[in-house]
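A look at the structure
Listed below, chain by chain, are the residues.
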Amino acid sequence: MLEDWTMNRSELARVANAMVAKNKGILAADESTGTIKKRFDAIKLESTEEHRRLYRELLFTAPGGAEWISGVILYDETIRQKTKDGTPFPEYLTKRGMLPGIKVDTGAKPFAGFAGETITEGLDGLRERLGEYRNLGARFAKWRAVIDIGDGIPTPYAIQANAHALARYAALCQEADIVPIVEPEVLMDGAHSIERCEQVTDAVLARVFGELFEHRVYLEGMVLKPNMVISGKKAANRAPPEAVAAATVRCLKRHVPPAVPGIAFLSGGQSPTEATQHLSLINKLGPLPWSLTFSYGRALQDTALKAWGGAAANFGSAQQEFAKRAKLNGLATTGRYSQEMESQAA
Ligand code: 5MM
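Residues numbered from 1 in each chain as written. Predicted model: local features only at pLDDT ≥ 70, side-chain atom pairs only at ≥ 80, totals over all residues. Heavy atoms only, no water.

**Some remarks on the overall build of the protein**
The number of helices and strands found in the protein is 12 helices and 10 strands. Over its C-alpha trace the protein gives a radius of gyration of 19 Å, about what one expects of a compact globule, namely 20 Å for 346 residues. Along the longest, intermediate and shortest principal axes, the C-alpha atoms of the protein span 55 × 50 × 40 Å. By residue count, 55% of the 346 residues in the protein fall in the buried class. Taking as baseline every contact in the protein between residues at least 6 positions apart, the subset at least 24 positions apart corresponds to 79%. Per element, the accessible surface of the protein, about 14,500 Å² overall, is 53% carbon and sulfur. Averaging the positions of the 42 positive and the 40 negative side-chain charges in the protein gives two centres separated by 3 Å. (Helix = DSSP H or I, 4+ residues; strand = E, 2+ residues; numbered from the N terminus. Rg over C-alpha atoms; globule rule 2.2 N^0.38 Å. Buried < 20%, exposed > 50% of the residue type's maximum accessible area, 1.4 Å probe, protein only. Contact = heavy atoms within 4.5 Å. Areas by Shrake-Rupley, 256 points an atom, 1.4 Å probe, with all protein chains shown as cover. Lys, Arg positive; Asp, Glu negative; His and termini not counted. Charge placed at Lys NZ, Arg CZ, Asp CG, Glu CD.)

**Structural notes on the pattern of salt bridges**
For the structure on display, the rule yields 23 salt bridges. Between Glu91 and Lys95 there is a salt bridge, and its shortest N-O distance comes to 3.2 Å. Residue Glu91 and its partner Lys95 are located together in helix α5 (residues 89-95), separated by four residues, close to a single helical turn. Taking the relative accessible area as the measure of exposure, Lys95 reaches 63% and is therefore exposed. A salt bridge links Arg254 to Glu198; the shortest N-O distance between them is 3.3 Å. Of this pair, Arg254 sits in helix α9 (residues 241-255) while Glu198 is found in helix α8 (residues 194-214), placing the two residues 56 residues apart along the sequence. When its relative accessible area of 45% is taken as the criterion, Arg254 is described as partly exposed. For Glu198, a relative accessible area of 10% translates into the label buried. (Salt bridge = Lys/Arg side-chain N within 4 Å of Asp/Glu carboxyl O.)

**Brief notes about α9**
In a regular helix each residue adds 1.5 Å, so 15 residues correspond to 21 Å; α9 covers 22 Å between its end C-alpha atoms and thus fits that length. Listed in full, the buried residues belonging to α9 are Val244, Ala245, Ala247, Thr248, Val249, Cys251, Leu252 and His255. Taken together, the buried residues of α9 touch α8, β8 (223-224), β9 (262-265), α10 (272-284) and β10 (291-296). (Expected span 1.5 Å × (residues − 1).)

**As for the sheet that holds strand β1 (residues 25-28)**
In spatial order, the strands read β1-β2-β3-β6-β7-β8-β9-β10; together these eight strands close into a barrel with parallel pairing. Relative to β9, β8 runs parallel, the two sharing two bridges. Bridging from a neighbouring strand, Val223 pairs with Gly262 of β9. Across the sheet, helix α7 (residues 156-175) touches β6 (140-147) and β7 (179-186), and the angle it forms with β6 is around 175 degrees. (Pairing = 2+ DSSP bridges. Axes fitted to C-alpha atoms, helices over the stretch in contact; angles between N-to-C directions.)

**Describing unusual backbone geometry**
Ile153 connects to Pro154 through a cis peptide bond whose omega is 10 degrees. Looking at the secondary structure, you find Pro154 in the loop between β6 and α7. For the peptide bond that leads from Gly286 to Pro287, omega is 5 degrees, which places it in the cis range. As for its placement among the helices and strands, Pro287 is situated in the loop between α10 and β10. Phi at Asp177 is positive, roughly 60 degrees, even though this residue is not glycine. Its location among the elements puts Asp177 in the loop between α7 and β7.

**A short note on the environment of Ile230**
Structurally, the position occupied by Ile230 is in the loop between β8 and α9. Given the relative accessible area of 5%, Ile230 is considered buried. Considered as a pair, Ile230 and Leu187 are 43 residues apart in the sequence and their alpha carbons are 9.6 Å apart. Contact partners of Ile230, with chain neighbours within four places excluded, come to Met188, His192, Ser193, Ile194, Cys197, Arg238, Val244, Gln270 and His278.

**Side note on the site of the ligand**
Near the ligand you find 18 residues, and of these Ser32, Thr35, Lys103, Lys142 and Ser267 are the closest. For the ligand, an oxygen atom lies 3.1 Å from a polar atom in the side chain of Asp30. Within the side chain of Glu183, one N or O atom sits 3.0 Å away from an oxygen atom of the ligand. Here the ligand has 500 Å² of accessible area as a free molecule, and 91% of this is covered by the chains. Secondary-structure elements contributing two or more residues to the shell around the ligand are β6, β7 and β10. When grouped by side-chain class, the residues that make up the shell around the ligand number three nonpolar, six polar and nine charged. (Near = heavy atom within 4 Å. Polar contact = N/O pair within 3.5 Å; in protein donor to acceptor, adjacent residues only side chain to side chain. Nonpolar A, V, L, I, M, F, W, Y, C, P; charged D, E, K, R; others polar.)

**Structural notes on the packing of helix α3 (residues 49-60) against helix α12 (residues 315-332)**
At a closest axis distance of 8 Å, the pairing of α3 and α12 adopts a crossing angle of 55 degrees. When the axes of α3 and α12 are compared, the pair comes out oblique. Here α3 runs over α12; the crossing is right-handed. Contact with α3, carried on its side by Leu54, Glu57, Leu58 and Leu59, involves Phe315, Ala318, Gln319 and Phe322 of α12 and no other residues of that element. Broken down by class, the residue content of the contact of α3 with α12 amounts to six nonpolar, one polar and one charged. (Parallel < 35°, antiparallel > 145°, perpendicular 65-115°, else oblique. Left-handed = near helix turned anticlockwise from the far one by under 90°.)

**A closer look at the nonpolar core**
One finds Met19, Phe60, Tyr169 and Leu212 to be the most contacted residues of the largest nonpolar core, which totals 109 residues. When residues of this core are assigned to their parent elements, the largest contribution, nine residues, is made by α7. Not counting the four nearest positions on each side in its chain, Leu212 is found in contact with Ala167, Ala170, Val182, Val217, Leu219 and Met222. (Core = buried A, V, L, I, M, F, W, Y, C linked by side-chain atoms within 4.5 Å.)

Here you go:
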């Protein structure tokens, strides 16, 4: 029994370390049906199952992409889809050296009794779903808690309830030999200052790691996916990139034990270049006890999605755009990105 547990732990740690391997990061391609529809609306493309499949194929098969991508977070529909030649996506990704992952939460829903706050759902039946996803090839999973900053929010109890759900999810994942990505996202919507973001992120991370400890989560076998500490999008004087990097590192040092192998940031509405620059500046502040990388959705995909526009003729150029962003973010994981690289070809 003890032997099984040790083996299970060493495999969890192996996968978690591979997810945050040097020069690489994670592609978040787990947009639910409603979110991908919004993305397609922006390029005036109908959100059919085939268009969603084709778009994901564009990203996953991009020449050069796998060099910088360690893993891909899939959605329930996507993990069951195939490349045009009939290879299931998880099998295709694995062959190219990218770990398949799966979003398992069922979304942030209004938190009853707490106006303006949400609680992430999806724990019911999770043990069974994890078993199915493991059989479909998933080696890691993701659950996102959403914390909004506003008048009188977040409340301590909404933070606690979300942290508790994240920890229950993480423990269930590890039981199923799946590495949990623990994603507590403090939103950058609104006009709040960077100081307020730091205060809230401090409180959230403190509670999340408290709950992970209580739930006996094996820290060496997980990845944290936090927001950066950053001014609200509508703030009057937004803090400069160096201040974002310094505040983010300060906050993480206070709360994330060195046992956690890696931290993979979400982009949260930052522009693609902003997200890359911040990551690079953060890494310049090293050495740090964890690997610091990306798990971007929009900041990796936006330029490729626009370049594609749903047209077959643009497929190759959109793949180049994606590979370029993957490479620049890969370089940012070791602080080697510079803005001059933006004008160079992939
Ligand atoms: C890819 O976007 C995911 C959101 O999907 P739903 O809102 O449809 O569930 C999201 O969880 C994503 O993985 C993270 O928030 C990071 O994405 P960004 O775009 O913030 O980097």
